[in-house]
Amino acid sequence: MNTLLSFDKVNAYYGNAHILHDFSIDVKEGESLALIGRNGVGKTTFVNALLGQAKVRSGSIRLGRKESARWHPYMPAKEGVMVVPQGRCIIANLSVEENLLLGAATGRKGYWTVPKIYGLFPILRERAHTPGTALSGGQQQMLAIGRALMGNPTLMILDEPTEGLAPVIVDQLGDIIRQVNEQGTTILLIEQNLHLVARVSRRYLAVEKGSVIAEGIVDPEQIEQLQQFVVV
Amino acid sequence: MLGISIFNGLVYGSLLIICASGLAMIYGLRRVVNFAHGALYMLGAYIGYTLSLYLNIWFALLLAPLAMGMIGVLLDKAVFRPLQERDPLSVLLVTFGLLLVIEDLVRAFWGRGSLSIEVPALLADSIELFGNPTPLYRLAVIGLGVGSMVLIWAWLRFSRTGLYVRAASTDPLTTAMMGVNTERVNALVVGVGTALAGLAGVAAAPMLSLAPSMGADVLVDSFVVVVIGGLGSLGGALISAILLGQVQSFGTIYLPGLSAVLPFLMMIAILIWRPSGLAGNRV
Ligand SMILES: Nc1ncnc2c1ncn2[C@@H]1O[C@H](COP(=O)(O)OP(=O)(O)O)[C@@H](O)[C@H]1O
Ligand SMILES: [Mg+2]
């Protein structure tokens, strides 16, 4: 299978704070991968390194056919990698629909269009013309996912999408993420909620102190074995 | 008398809104307090002067803003972008330096004497409006102010690029993450903002005499407009430009001794009433 995204021994910094240590990861086309780990181990820094927001001093990042140590934040989207950022980052002065249109900025064509997103999340159609940040937390997360899908990604990275959401909504989002994966979009789910990981992901990587320390297949029956990587 | 004052206030308000909306846009995207904006207004007027000598005033009104737009894009790439990680105060000082450089360059090219541009023949007449003789050119300046505002509003509201501009003004990183090359958006906006300064300058030129220092008053008034309007907000700037135009127009007649400080008094009064300006939000 093709590798969509790979980090090879990446060392990433904020200023002089060394956060990622020889961080390596391979994301294969079509898979549904989870990146798990406690707060502060460097999961979001991995995303930031990809977006050029954390400084990569050694190692390389490869996206599709492109390889570089210095990515600009707008480049991954052009290569078909859309991010659902931690905290959702819905743009306050844009309506729900405008937030969706922003996701189509690369002009990549594919299955996803505004009506398709409304089909997936009917509530967004009802609230199309309200400011994006007027939605509830769960609805904002739907909007963030819809916005990322509008870029017709080959890979969608979700950074703790269920943080602060009610369990019913978590299950609902989990089903949708799985459905998106089954339609062919590769998923990289960054999570601490193992219940969601069991529902969505088939492979996991565990992060500790800025490095990947374990990996394996997700067995939904024995998900509690992964507890050691997320509990404090 | 009253009618003429209101009218003149509207003319000045129109120039102000063209100039100040450029300032507001540049602040909204780049977070740069651009002290050179008045000098760019002045440069637009001088470029317009030369174009009107060699071509005619209509070409000047069209080409001077275009030339200023290109200067703006260069300004963004050569100055604002390299300085974007620096603290706002040093960027402010750099723009202050730019102001001095532009004024010196203009003195070197065009001399110190005051120059003037003829009102275009087509608009040289006056018409009766509410019983007052009203110069057509001044009326056209109001039209230009209204027209530019409608165009900018429609551009921001309905075009794709306008969407990116609005998004980048609140959350540049997320906007970029969605695949928008925000550096290009920034360069475009600084270009448009500079073009607007140039447009205001060349439009004002036939109503006054050109001097290298002519940007100073407009700069101060534009800052007042932008601050009163709510930093970076175009809607707020529109209202405050109309207000300030009236305050200036009536002030010079009824309170001539105070006319220099009136804009500041107005700014203080409004900021006490609404500390974040008339409109709190961005672009
Ligand atoms: N902008 C920043 N500047 C400096 N340190 C940061 C910054 N953001 C995060 N950190 C630090 O980097 C480490 C990893 O953070 P992060 O990648 O956000 O963790 P996670 O997403 O796994 O919870 C933490 O110790 C955090 O304090
Ligand atoms: Mg995180």
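Residues numbered from 1 in each chain as written. Chains lettered and ligands numbered in written order. Predicted model: local features only at pLDDT ≥ 70, side-chain atom pairs only at ≥ 80, totals over all residues. Heavy atoms only, no water.

Going by what an unreviewed UniProt entry lists, chain B is known as Amino acid/amide ABC transporter membrane protein 1, HAAT family and is assigned to Marinobacterium lutimaris. Check the Subcellular location (unreviewed entry) section of the UniProt entry for chain B; it says "Cell inner membrane". A UniProt comment under Sequence similarities (unreviewed entry) is attached to chain B, and it reads "Belongs to the binding-protein-dependent transport system permease family. LivHM subfamily." (UniProt positions renumbered as here; feature names shortened; annotations may be inferred.)

As annotated in an unreviewed UniProt entry, chain A is Amino acid/amide ABC transporter ATP-binding protein 2, HAAT family from Marinobacterium lutimaris. According to its UniProt record, chain A has this under Sequence similarities (unreviewed entry): "Belongs to the ABC transporter superfamily."

Student: Kindly report on the overall build of chain B, identifying the contributing residues and their values.
Tutor: Broken down by element type, chain B carries 11 helices and 2 strands. Along chain B, helices (α) and strands (β) appear in the sequence α-α-α-α-β-β-α-α-α-α-α-α-α when read from the amino end. Relative to a compact globule of 283 residues, whose C-alpha radius of gyration would be 19 Å, chain B shows 18 Å and is just as compact. Based on the C-alpha atoms only, the size of chain B along its principal axes is roughly 55 × 45 × 35 Å. Sorting the 283 residues of chain B into buried and exposed places 53% on the buried side. Partitioning the intrachain contacts of chain B with sequence separation of at least 6 by distance along the chain shows that 77% fall at a separation of at least 24. Carbon and sulfur atoms provide 70% of the accessible area of chain B, an area that totals close to 12,600 Å². (Helix = DSSP H or I, 4+ residues; strand = E, 2+ residues; numbered from the N terminus. Rg over C-alpha atoms; globule rule 2.2 N^0.38 Å. Buried < 20%, exposed > 50% of the residue type's maximum accessible area, 1.4 Å probe, protein only. Contact = heavy atoms within 4.5 Å. Areas by Shrake-Rupley, 256 points an atom, 1.4 Å probe, with all protein chains shown as cover.)

Student: Go over the interface of chain A and chain B, please, and point to the residues and values.
Tutor: Contacts between the two partners involve 21 residues from chain A and, on the opposite side, 19 residues from chain B. Note on chain A versus chain B: buried area summed over both sides is about 1,800 Å², and carbon and sulfur give 65% of it. For the chain A face of the interface with chain B, the top three residues by lost area are Tyr-74, Asn-93 and Leu-102 of chain A, together amounting to 29%. One can count 2 salt bridges joining chain A with chain B. (Buried area = accessible area lost by both parts, 1.4 Å probe. Salt bridge = Lys/Arg side-chain N within 4 Å of Asp/Glu carboxyl O.)

Student: I'd like a rundown of the UniProt feature "domain: ABC transporter" (unreviewed entry) in chain A, residues and numbers included.
Tutor: Here, the residues flagged by UniProt with the feature "domain: ABC transporter" (unreviewed entry) are residues 5–230 of chain A. Helix and strand shares over residues 5–230 of chain A are 32% and 30% respectively, and the end C-alpha atoms of the span are 24 Å apart.

Student: Got a sec to walk through the pairing of strand 2 (residues 132–135) of chain B? Specific residues and values, please.
Tutor: Residues and elements named next belong to chain B. Because side chains alternate across strand 2, one face comprises the buried residues Asn-132 and Thr-134, and the other comprises Pro-133 and Pro-135, none of which is buried. With 4 bridges connecting them, strand 1 (residues 126–129) and strand 2 associate as antiparallel partners. Each bridged residue has a counterpart across the sheet, and for Ser-126 the counterpart in strand 2 is Pro-135. Taking the residues between adjacent antiparallel strands as the criterion, strand 1 and strand 2 are bridged by 2 residues, where Phe-130 takes a positive phi near 50°. (Pairing = 2+ DSSP bridges.)

Student: How would you sum up the sheet that holds strand 5 (residues 66–68) of chain A? Please name residues and give values.
Tutor: Residue and element names in this part refer to chain A. What the 4 strands build is an open sheet, ordered 2-1-4-5; its pairing is antiparallel. For this open sheet the edge positions go to strand 2 (17–28) and strand 5, each flanked by a neighbour on one side alone. Averaged over all pairs of adjacent strands, the angle between strand axes in this sheet comes to 5°, irrespective of strand direction. In the sheet, strand 4 (residues 55–63) pairs with strand 5 via 3 bridges, with the strands oriented antiparallel. Bridge pairing in strand 5 places Leu-63 opposite Lys-66. (Axes fitted to C-alpha atoms, helices over the stretch in contact; angles between N-to-C directions.)

Student: Account for a nonpolar patch on the surface, with residues named and values stated.
Tutor: Residues and elements named next belong to chain B. On the surface, Met-1, Val-220, Ile-253, Tyr-254, Leu-255, Leu-258, Val-261, Phe-264, Leu-265, Ile-268 and Ile-272 cluster together into a nonpolar patch covering about 1,000 Å² of accessible area. Counting only elements with at least two residues in the nonpolar patch, the list comes to helix 10 (234–254) and helix 11 (262–273). Considering each element in turn, the nonpolar patch owes the most residues, 4 residues, to helix 11. Looking at where Leu-255 falls in the secondary structure, it is placed in the loop between helix 10 and helix 11. Leu-255 sits in the partly exposed class, given a relative accessible area of 42%. (Patch = residues over 30% accessible without salt bridge, like charges linked within 9 Å, V, L, I, M, F, W, Y side chains within 5 Å.)

Student: Give a detailed account of the site of ligand 1, specifying residues and quantitative values.
Tutor: Residues and elements named next belong to chain A. In the neighbourhood of ligand 1, the contacting residues comprise Tyr-14, Ile-19, Arg-38, Asn-39, Gly-40, Val-41, Gly-42, Lys-43, Thr-44 and Thr-45. Contact distances for ligand 1 include 2.7 Å between an oxygen atom and a backbone N or O atom of Gly-40. For ligand 1, an oxygen atom lies 2.7 Å from a polar atom in the side chain of Thr-44. Alone, ligand 1 offers 560 Å² of accessible surface; in the complex the protein occludes 57% of this. The biggest single contributor to the shell around ligand 1 is helix 1 (residues 43–50), with 3 residues. For the shell around ligand 1, the class distribution of residues is 3 nonpolar, 5 polar and 2 charged. (Near = heavy atom within 4 Å. Polar contact = N/O pair within 3.5 Å; in protein donor to acceptor, adjacent residues only side chain to side chain. Nonpolar A, V, L, I, M, F, W, Y, C, P; charged D, E, K, R; others polar.)

Student: For the side chain of Glu-103 of chain B, give the residues involved together with the corresponding values.
Tutor: Residues and elements named next belong to chain B. Its place among the elements puts Glu-103 in helix 4 (residues 88–110). Residue Glu-103 is classed as buried on the basis of its relative accessible area of 16%. Those residues in contact with Glu-103 that sit more than four places away from it in its chain are Met-42, Pro-212 and Ser-213.

Student: Before we move on, could you go through the coordination of the magnesium ion (ligand 2) and cite the residues and values that matter?
Tutor: All names here are of chain A. Protein coordination at the magnesium ion (ligand 2): the donors are Thr-44 (OG1) and Gln-86 (OE1), at 2.0 to 2.1 Å from the metal. In this pair, Thr-44 is assigned in helix 1 and Gln-86 in the loop between strand 6 (81–84) and helix 3 (96–103), connecting sequence segments 42 residues apart. For Thr-44, a relative accessible area of 25% puts it in the partly exposed group. Residue classification places Gln-86 among the partly exposed residues on the basis of a relative accessible area of 27%. (Donors = N, O, S within 2.8 Å, 3.2 Å for Na, K, Ca; no water.)

Student: Please set out helix 3 of chain A residue by residue, giving values where relevant.
Tutor: Burial analysis of helix 3 of chain A places 6 of its 8 residues in the buried class, the great majority of the element. Listed as buried for helix 3 of chain A are Val-96, Glu-98, Asn-99, Leu-100, Leu-102 and Gly-103 of chain A.

Student: I'd like a description of the environment of Phe-223 of chain B, backed by residues and values.
Tutor: Residues and elements named next belong to chain B. Of note, Phe-223 is situated in helix 9 (residues 215–229). Assessed through its relative accessible area of 18%, Phe-223 is described here as buried. Once the C-alpha coordinates of Phe-223 and His-37 are considered, the two residues, 186 residues apart in sequence, prove to be 9.6 Å apart.

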